[in-house]
Amino acid sequence: MKKEREVQEINASSMADISFLLLVFFLVTTTMATDEGLSRQLPPMKDPKTPDQITDIKPRNIMEILVNSNNDLMVNGEVMDVKQLKEEAKAFISSDGSNEKLPEAEPVNIPYLGTTMVATAHVISLQNDRGTDYGRYIEVQNELVAAYNELRNAKSMSAFKKPYSELDADQQAAIRKAYPQAISEAEPKTYGGGK
Amino acid sequence: MATFRKKGGRKLKAISTASLPDIVFMLLFFFMSTTHMKENTYKVTIGLPQATELTKLEKKSLVRYVYVGEPNAQNRMYGTDSRIQLDDDIVSDPEKVSSYIASQNASMKEEERGLMIVSLKADEHTKMGIISDVKQALRKANALKINYTAKKKVN
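Analysis parameters
Residues numbered from 1 in each chain as written. Chains lettered and ligands numbered in written order. Predicted model: local features only at pLDDT ≥ 70, side-chain atom pairs only at ≥ 80, totals over all residues. Helix = DSSP H or I, 4+ residues; strand = E, 2+ residues; numbered from the N terminus. Rg over C-alpha atoms; globule rule 2.2 N^0.38 Å. Buried ≥ 20, exposed ≤ 12 C-beta atoms within 10 Å, placed from the backbone. Contact = placed C-beta atoms within 7 Å. Core = buried A, V, L, I, M, F, W, Y, C linked by C-beta atoms within 7 Å. Pairing = 2+ DSSP bridges. Axes fitted to C-alpha atoms, helices over the stretch in contact; angles between N-to-C directions. Parallel < 35°, antiparallel > 145°, perpendicular 65-115°, else oblique. Left-handed = near helix turned anticlockwise from the far one by under 90°. Nonpolar A, V, L, I, M, F, W, Y, C, P; charged D, E, K, R; others polar. pLDDT = per-residue confidence, 0-100. Expected span 1.5 Å × (residues − 1). Right-handed = clockwise from strand over helix to strand, strands pointing away.

### What to know about the overall build of chain B
Okay, so step 1: Check the secondary structure of chain B and you find three helices and 10 strands.
Okay, so step 2: Of the regular secondary structure in chain B, the N- to C-terminal order runs α-β-β-β-β-β-β-β-α-β-α-β-β.
Okay, so step 3: Since a compact globule built from 155 residues should have a radius of gyration of about 15 Å, the 26 Å found for chain B marks it as more spread out than a globular shape.
Okay, so step 4: Here chain B holds 155 residues, and the buried ones make up 28% of them.
Okay, so step 5: At a minimum sequence separation of 6, the contacts of chain B that also span at least 24 residues come to 76%.

### Focus on the nonpolar core
Okay, so step 1: Val68, Val134 and Leu138 of chain B are the most contacted members of the largest nonpolar core, which has 52 residues in total.
Okay, so step 2: Among the elements that make up this core, the one with the highest residue count is helix 3 (residues 134–160) of chain A (eight residues).
Okay, so step 3: Ignoring anything within four residues of it in the chain, the contact list for valine 68 of chain B reads Val44, Ser82, Ile84, Ala122, Asp123, Thr126, Ile130, Ile131 and Val134 of chain B.

### Topic: the sheet that holds strand 4 (residues 73–75) of chain A
Residue and element names in this part refer to chain A.
Okay, so step 1: With respect to topology, five strands assemble into an open sheet ordered 5-4-3-8-9, the strand pairing being mixed. Each of the sheet's edge strands pairs with one partner strand only, and the pair in question is strand 5 (78–80) and strand 9 (183–185). Each neighbouring strand pair of the sheet contributes to a mean axis angle of 30°, computed without reference to strand direction.
Okay, so step 2: Pairing geometry for strand 4 and strand 5, over three bridges, is antiparallel. Looking at the pairing, valine 75 lines up with glutamate 78 of strand 5.
Okay, so step 3: Helix 2 (residues 82–93) contacts strand 3 (62–67), strand 4, strand 5 and strand 8 (123–128) of the sheet and is inclined by roughly 20° relative to strand 4.

### Some details on the packing of helix 1 (residues 13–29) of chain A against helix 1 (residues 20–34) of chain B
Helices that pack against each other are described as a pair by the angle of their axes relative to one another and the distance between those axes.
Okay, so step 1: At a minimum axis separation of 9 Å, helix 1 of chain A and helix 1 of chain B run at an interaxial angle of 20°. Classed by the angle they form, the pair helix 1 of chain A and helix 1 of chain B counts as roughly parallel. At the point where helix 1 of chain A passes helix 1 of chain B, the crossing takes the left-handed sense. Between helix 1 of chain A and helix 1 of chain B, the contacting residues are Met15, Ala16, Ser19, Phe20, Leu22, Leu23, Phe26 and Leu27 of chain A on the first element and Leu20, Pro21, Val24, Phe25, Leu27, Leu28, Phe31 and Met32 of chain B on the second.

### Concerning the interface of chain B and chain A
Many authors give the size of an interface as the accessible area that is lost as the parts come together.
Okay, so step 1: Chain B puts 45 residues into the contact, and the matching count from chain A is 42 residues.
Okay, so step 2: Sorting the residues of the side of chain B that touches chain A by element identifies helix 1, strand 1 (36–37), strand 4 (55–56), strand 8 (117–122), helix 3 (128–140) and strand 9 (145–149) of chain B as the ones contributing at least two each.
Okay, so step 3: Among the elements that take part in the side of chain B that touches chain A, helix 1 of chain B stands out by supplying nine residues, more than any other.
Okay, so step 4: Each residue belonging to the side of chain B that touches chain A can be placed in one class, and the counts come to 21 nonpolar, 13 polar and 11 charged.
Okay, so step 5: Of the pairings in the sheet, the one linking strand 2 (residues 36–41) of chain A to strand 4 of chain B comprises two bridges and is antiparallel in character. Looking at strand 4 of chain B, one finds that glycine 37 of chain A is bridged to threonine 55 of chain B.

### What to know about the confidence of the model for chain B
In low-pLDDT segments, the atomic positions of the prediction should not be examined closely.
All names here are of chain B.
Okay, so step 1: Looking at chain B as a whole, its pLDDT mean stands at 85, while 94% of the residues score no less than 70.
Okay, so step 2: Mean pLDDT values over the elements of chain B span from 73, in strand 1, up to 92, in strand 9.
Okay, so step 3: Predicted complex, confidence summary: ipTM 0.76, pTM 0.78.

### What to know about helix 3 of chain A
Okay, so step 1: For helix 3 of chain A, spanning 27 residues, the distance from its first C-alpha to its last is 37 Å, which sits close to the expected 39 Å at 1.5 Å a residue.
Okay, so step 2: Directly beyond the C-terminal end of helix 3 of chain A, a positive phi value near 60° is found at lysine 161 of chain A.

### Regarding unusual backbone geometry
Okay, so step 1: A positive phi angle, close to 50°, is found at asparagine 76 of chain A, a residue other than glycine.
Okay, so step 2: Positionally, asparagine 76 of chain A belongs in the loop between strand 4 and strand 5.

### Some thoughts on the pairing of strand 2 of chain A
The side chains of a regular strand alternate between the sheet's two faces.
Okay, so step 1: In this sheet, strand 9 of chain B lies alongside strand 2 of chain A in antiparallel orientation, the contact comprising five bridges. By the bridge assignment for strand 9 of chain B, glycine 37 of chain A is matched with threonine 149 of chain B.

### Quick word on the pairing of strand 8 of chain B
All names here are of chain B.
Okay, so step 1: With five of its six residues buried, strand 8 lies for the most part within the structure.
Okay, so step 2: Summarising the sheet, strand 5 (residues 63–71) and strand 8 pair through six bridges and their orientation is parallel. Along strand 8, the bridge assignment pairs valine 68 with alanine 122.
Okay, so step 3: Pairing of strand 8 with strand 9 involves four bridges; the strand directions are parallel. When the bridges of strand 9 are listed, isoleucine 117 appears paired with lysine 145.
Okay, so step 4: Considered for its hand, the β-α-β crossover made up of strand 8, helix 3 and strand 9 is right-handed.

What follows is the structure, given as C-alpha cells:
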C-alpha cells in the first residue's frame, strides 16, 4: 500500500512584504493629479507666399490690451488693473451696438435662442512685451476666458435653466454663436527694458 | 475542592495575518489604476501660475510636454536663464521644439496624428520672450492645440 504524501504548504508570510514593497514603489513613482490648464488654440503659421492682409477694423470693434515688461496693463490706451479687466471685457463682448464706444452688433438668427444681437465683429487683441512675466500673461488670458465663460453661463441659465457645461452639443454651439470668442494674439514686440 | 489553574498555561493566540497580502494587494491595485507615472523628471524649476478657467487633460496619449523654467540646482551648468526642457534634455535653441514635436508626431498612431495637445509647463516668472519663441516653434510644427498648465486658484 502506498502511503499518501502530504503536500507541504508554501510559506506565504513574505507575500505581505512583497506586496508592500510594490505598493510603496507605485506610491513613489506615480502621481495622482491629472494636469489642468488653460486650453488655447494657436493660429496657423502664415503662409509666406500670401501677402499680408490688411483688414481695417473699426476702432470701436477692437479692444486692445497691452502688457509691458513691468507687467502693467493698458486697455484701449488707459492703464487698468487686472481685476477690472473681466468686467470691461464682458461689457465689450456683450455689446448690443447701442453704445458708440462698444462694438457694433448685428441681429443673428440662432437656433434655440431666436434672433439676438451679436457683436460679430469684435476682436480682443492681446499684445505683450518679451519681458512680460508668464504668470501675468496667464492671468490676463484667464480673465478673458472667464469673461466669455461667465457670459455664456449666464445666457445658458436664462435660455435653458442649466449651466453651460450641462448642455448638449447643439445647445452649446448655439450659446457659442451668441458669444463668439475672438481673442487675437499679436506677435510679441520688444518695447524696451525687457530682453 | 478548589481547583488550581496552572500559571502561564494560557497563551495569546497570534492574530492570523493571512489576509494581509490580500488587503495590501487591493491597495496596490487601487493605486495602480488611479494614478499614473510621472512623465519626466524636471531639470528646471517650475512654479505653475494660477488660474480659474481650467480644463483637464484627459487623453494622455495625445499630450506632449514642453517645460520652461530656470535650471534647478543639479543643472546649474546650464546657467540661471530660463531654459526649455524636452523629455529629459535641456535645449537652448527654441527651434528644437519644432523638430521635437515633428518627431513626436511621426511616432504617434496614425489616427491620432494632428490631434496632439502640447502641454506647456512654464514657471510663472519666465519672461514671455522665450514662451513666444516656443509658441512660434509650435506653430511652425503645426501643433496648434496648446494647454498652459496652471494650478487651481484658491481664493
